[in-house]
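Spelled out, the chains give:
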Amino acid sequence: MVTQKPKIVIIGAGISGLTAANKLYTTQKSNELFDLCVVEGGNRIGGRIFTSEFNGDQIEIGATWIHGIEGNPIYKIAKEINSLESNKPWECKEGKLMDKKVTITENGYEVNSSLVKSISEFFNKMLAFSSGEGNFQDEVCKEILESFNLENGSIKNLSIGSFLRKGLEFYWNLKKDQENVEVFDKWSRKSLEEGIFAMFENIHRHYSSAGDLSTLDFNGESQYCNFPGDELTIAKGYSTVVKSLASVLPPGLIQLGRKVTKIEWRNDDCGSKFENGDGTKPVKLHFSDGTVMYADHVIVTVSLGVLKQGIRDDSGFFSPQLPSFKTEAISRLGFGVVDKLFLQLSPSTEECDYEGMNFPYLQMVFHQSDTKLFHSKIPLWIRRTALIHPIYPKSSTIVSWFAGNEALEMETLDDNEIIDGVSTTMSQFLANSKNFKNSDSATAESCVKFSNVLKCKWGTDPLFLGSYTHIAVGSSGDDLDSMAEPLPKVGNNGENSKNCPPLQILFAGEATHRCYYSTTHGAHLTGIREANRLLKHYQCVDV
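Residues numbered from 1 in each chain as written. Predicted model: local features only at pLDDT ≥ 70, side-chain atom pairs only at ≥ 80, totals over all residues. Heavy atoms only, no water.

### Description of the overall build of the protein chain
On a plain count of helices and strands, the protein chain comes out with 16 helices and 23 strands. Considering only intrachain contacts with a sequence separation of at least 6, the fraction spanning at least 24 residues in the protein chain is 75%. Looking at the protein chain as shown, the accessible area adds up to about 23,500 Å², and 47% of this sits on carbon and sulfur atoms. (Helix = DSSP H or I, 4+ residues; strand = E, 2+ residues; numbered from the N terminus. Contact = heavy atoms within 4.5 Å. Areas by Shrake-Rupley, 256 points an atom, 1.4 Å probe, with all protein chains shown as cover.)

### Section: the sheet that holds strand E15 (residues 318–319)
The strands making up a sheet associate through hydrogen bonds between their backbones, and the pairing can be parallel or antiparallel. Overall, mixed pairing links the four strands, which are arranged E13-E12-E11-E15 in an open sheet. Two strands lie at the open edges of the sheet, namely strand E13 (292–295) and E15, each paired on one side alone. Sheet topology places strand E11 (residues 260–264) next to strand E12 (residues 283–287); four bridges connect them, and they run antiparallel. Counterpart to Lys-262 in the pairing with E12 is His-286. (Pairing = 2+ DSSP bridges.)

### Points about helix H1 (residues 15–26)
Along its 12 residues, H1 runs 16 Å from first to last C-alpha, staying within 8% of the 16 Å computed at 1.5 Å per residue. Among the 12 residues that make up H1, nine are buried, leaving the element largely enclosed by the rest of the structure. By the burial criterion, the buried members of H1 are Ile-15, Ser-16, Gly-17, Leu-18, Thr-19, Ala-20, Ala-21, Asn-22 and Leu-24. (Expected span 1.5 Å × (residues − 1). Buried < 20%, exposed > 50% of the residue type's maximum accessible area, 1.4 Å probe, protein only.)

### Topic: the side chain of Glu-106
Assignment of secondary structure puts Glu-106 in the loop between strand E6 (101–105) and helix H4 (113–131). Under the relative-accessibility criterion, Glu-106 is labelled buried at 1%. At a separation of 2.7 Å, a polar atom in the side chain of Glu-106 contacts the side chain of Arg-383. Aside from chain neighbours lying at most four places away, what touches Glu-106 is Trp-187, Val-365, Phe-366, His-367, Leu-373, Phe-374, His-375, Ile-378, Arg-383, Gln-428 and Phe-429. (Polar contact = N/O pair within 3.5 Å; in protein donor to acceptor, adjacent residues only side chain to side chain.)

### Some remarks on the environment of Gly-310
By the secondary structure assignment, Gly-310 is in helix H9 (residues 304–310). Along the sequence, Gly-310 and Gln-321 sit 11 residues apart, while their C-alpha atoms lie 9.3 Å from each other. The residues touching Gly-310, leaving out its near neighbours within four places in the chain, are Ser-315, Phe-317 and Phe-318.

### Here we look at the pattern of salt bridges
On inspection of all chains with the given rule, the structure shows 18 salt bridges. Arg-312 is the partner of Asp-314 in a salt bridge, and the nearest nitrogen-oxygen pair spans 3.1 Å. For Asp-479, the salt bridge goes to Arg-332, with nearest N and O atoms at 2.7 Å. You can see Asp-479 sitting in helix H15 (residues 477–484) and its partner Arg-332 sitting in helix H10 (residues 324–332), a full 147 residues away along the chain. On the accessibility criterion, Arg-332 (35% relative accessible area) is partly exposed. A single salt-bridge network, built from bridges that share partners, covers Arg-165, Glu-194 and Glu-201. (Salt bridge = Lys/Arg side-chain N within 4 Å of Asp/Glu carboxyl O.)

### Notes on the pairing of strand E20 (residues 397–403)
Most of E20 is tucked away, with seven of its seven residues classed as buried. Where strand E17 (residues 338–345) meets E20, seven bridges bridge the pair, whose relative direction is antiparallel. Following the sheet pairing, Lys-340 is matched in E20 by Trp-401. Here three bridges tie strand E19 (residues 387–390) to E20, and the two strands are oriented antiparallel to one another. Within the sheet, the bridge partner assigned to Pro-390 lies in E20 and is Ile-398. As consecutive antiparallel partners, E19 and E20 are separated by six residues, and within that stretch Lys-394 has a phi angle of approximately 65°, a positive value.

### Structural notes on the packing of H4 against helix H6 (residues 160–174)
One way to put it is that H4 packs onto H6 with a least axis distance of 11 Å and a crossing angle of 135°. Considering their axes alone, H4 and H6 lie oblique with respect to each other. Judged by the twist between their axes, the crossing of H4 over H6 is right-handed. For the pair formed by H4 and H6, the contact residues are Leu-115, Ser-118, Ile-119, Phe-122, Phe-123, Met-126, Leu-127, Phe-129 and Ser-130 on the first element and Ile-160, Phe-163, Leu-164, Gly-167 and Tyr-171 on the second. (Axes fitted to C-alpha atoms, helices over the stretch in contact; angles between N-to-C directions. Parallel < 35°, antiparallel > 145°, perpendicular 65-115°, else oblique. Left-handed = near helix turned anticlockwise from the far one by under 90°.)

### With respect to the packing of aromatic side chains
Applying the stated criterion across every chain yields a total of 14 aromatic pairs. Residues Tyr-224 and Tyr-517 carry aromatic rings whose centres are separated by 5.4 Å and whose planes lie at 70° to one another, so their mutual orientation is edge-to-face. On the criterion of sequence distance, the pair formed by Tyr-224 in the loop between helix H7 (189–208) and strand E9 (231–233) and Tyr-517 in the loop between strand E23 (505–507) and helix H16 (520–537) is long-range, its members being 293 residues apart. Each member of the pair, Tyr-224 together with Tyr-517, is buried. Ring-pair connections join several aromatic residues into one group, and the members of that group are Phe-123, Phe-197 and Phe-200. Cation over ring: Lys-190 sits above Trp-172, and NZ or CZ is 4.6 Å from the ring centre. Positioned above the aromatic ring of Phe-507, the side-chain terminus of Lys-326 is 3.9 Å from the ring centre. (Phe/Tyr/Trp six-rings, centres within 6.5 Å; stacked < 30°, edge-to-face > 60°. Lys NZ or Arg CZ within 6 Å of the ring centre and 35° of its normal.)

### Points about the packing of H1 against helix H8 (residues 239–246)
Packed helices, taken two at a time, are described by the angle between their axes plus the distance between the axes. At a closest axis distance of 8 Å, the pairing of H1 and H8 adopts a crossing angle of 30°. Taken as axis vectors, H1 and H8 run roughly parallel relative to one another. Read as a crossing pair, H1 and H8 show a hand that is left-handed. Where H1 abuts H8, its residues Ile-15, Leu-18, Thr-19 and Asn-22 lie against Val-241, Val-242, Leu-245 and Ala-246. Of the residues belonging to the contact of H1 with H8, the class tally is six nonpolar, two polar and no charged. (Nonpolar A, V, L, I, M, F, W, Y, C, P; charged D, E, K, R; others polar.)

### Thoughts on the sheet that holds strand E2 (residues 35–39)
A sheet is described by the order of its strands in space; here five strands give the open sequence E10-E2-E1-E14-E23, paired in parallel fashion. The sheet is open, and its two borders are formed by strand E10 (254–255) and E23, each paired with just one other strand. Taken together, the three bridges between strand E14 (residues 297–300) and E23 define a ladder with parallel strand orientation. Across the sheet, Val-300 pairs through a bridge with Phe-507, a residue of E23. Sheet strands touched by H16: strand E1 (7–11), E14 and E23. Its angle to E23, the strand with the most contacts, is close to 145°.

So, in structure tokens, the structure goes:
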């Protein structure tokens, strides 16, 4: 009698899924022990890593940065495959260009860099304090935190947004005698400081994926870790990393266009068999084309957004439903939308230099409290973005970042609406600036135009339903650990109470890493973790 090899199916060909497949396939002799395949609902590999082209430039639709290079496995792979250097320019080639940034208000006033620096340092000090990396003896931050203790008796369920806004009040108290001094027309010093502070809040919304910082947990910030060293982008494109991982897999192992619509697994009545199915394999996968597949083990690498949809009562994605410890963790954790918007400068704009640049690295300051001062021509969906800049110096490809509801609204707009909205907004910011080459405001306004646009749609793409994970108020690092637990859940003795087949459903992806959530290196490490879990189960490796 021929013994069937254990069937392992990996759902999702993003970096965690491909890493798991790579590890399982390349471990000595394991490819002879397992029947392995990767099923991917889309028409490409990479998941939220997607290098593309726009306006003749290489761009990153999804993941862009390697966050710290010392010990980072993504950096190691990119270096080994010679992807860190290129003869052609690439997105953020020179880093974040922070030394070349210019900060301008919505009516075109350029803000003194010393004021921006003062608020930036205060803001970053507060973020460092919340993350556990700052000076815990800092008297101002301690006083801010103690004020919450006095008001509520506890800092449990404290949000980063509340902490930062309380910090702004303390900042104003330090400079109370200057708050009503008019700096520019319609801008007091206090309103300008609030606008700059909100700009940094919006940058952190993009960074954290929290559409509203009042939903981002204060205590959870200290869970997040990063590798030390520089942050950089990949010259030949982030997709070269996933292509490298997939290159060792034989043709046919990755199946594209195979969207899973239901996962049946055995948690109760483990002696039963699937109707008209293979009674030896405990997991049954249903696909959108009506076909099914049976497996001993399934590694689920779909996004937290897809899992959130999958545990809804009307979904039926998991049958039976996942246990409560898993669904509660999925529900509590945050999963936000962060979209990039790429625009092509029109030829007329290229003739209108800003201090010798085709377009500046622009930080945008908007009025916050008094809606009467909002510029009537600037669309509301733009007012909570903060940055817009060339993808590299003198490039005619411009990028901006959107988060939360503004990102979702941007996804619904047609190209002409976006081009008109951004062109009008940039005219208001740049036309009145003293550093714009054209002193004639009307001429300058006609210069700032865009001719083409490419928008990301991570929020509405049904294969992702968002961008990356954050610890929301009410959740914690424990929820990230729960995300990583395989099913059926086993006891300390390595057995489950109902004697069901072990390790039927395993979970990988950035939302399952306690320290490196939201990152590509976190996703990569979880793919290795789950592959090793199965290899250890079959005694293929000593892990």
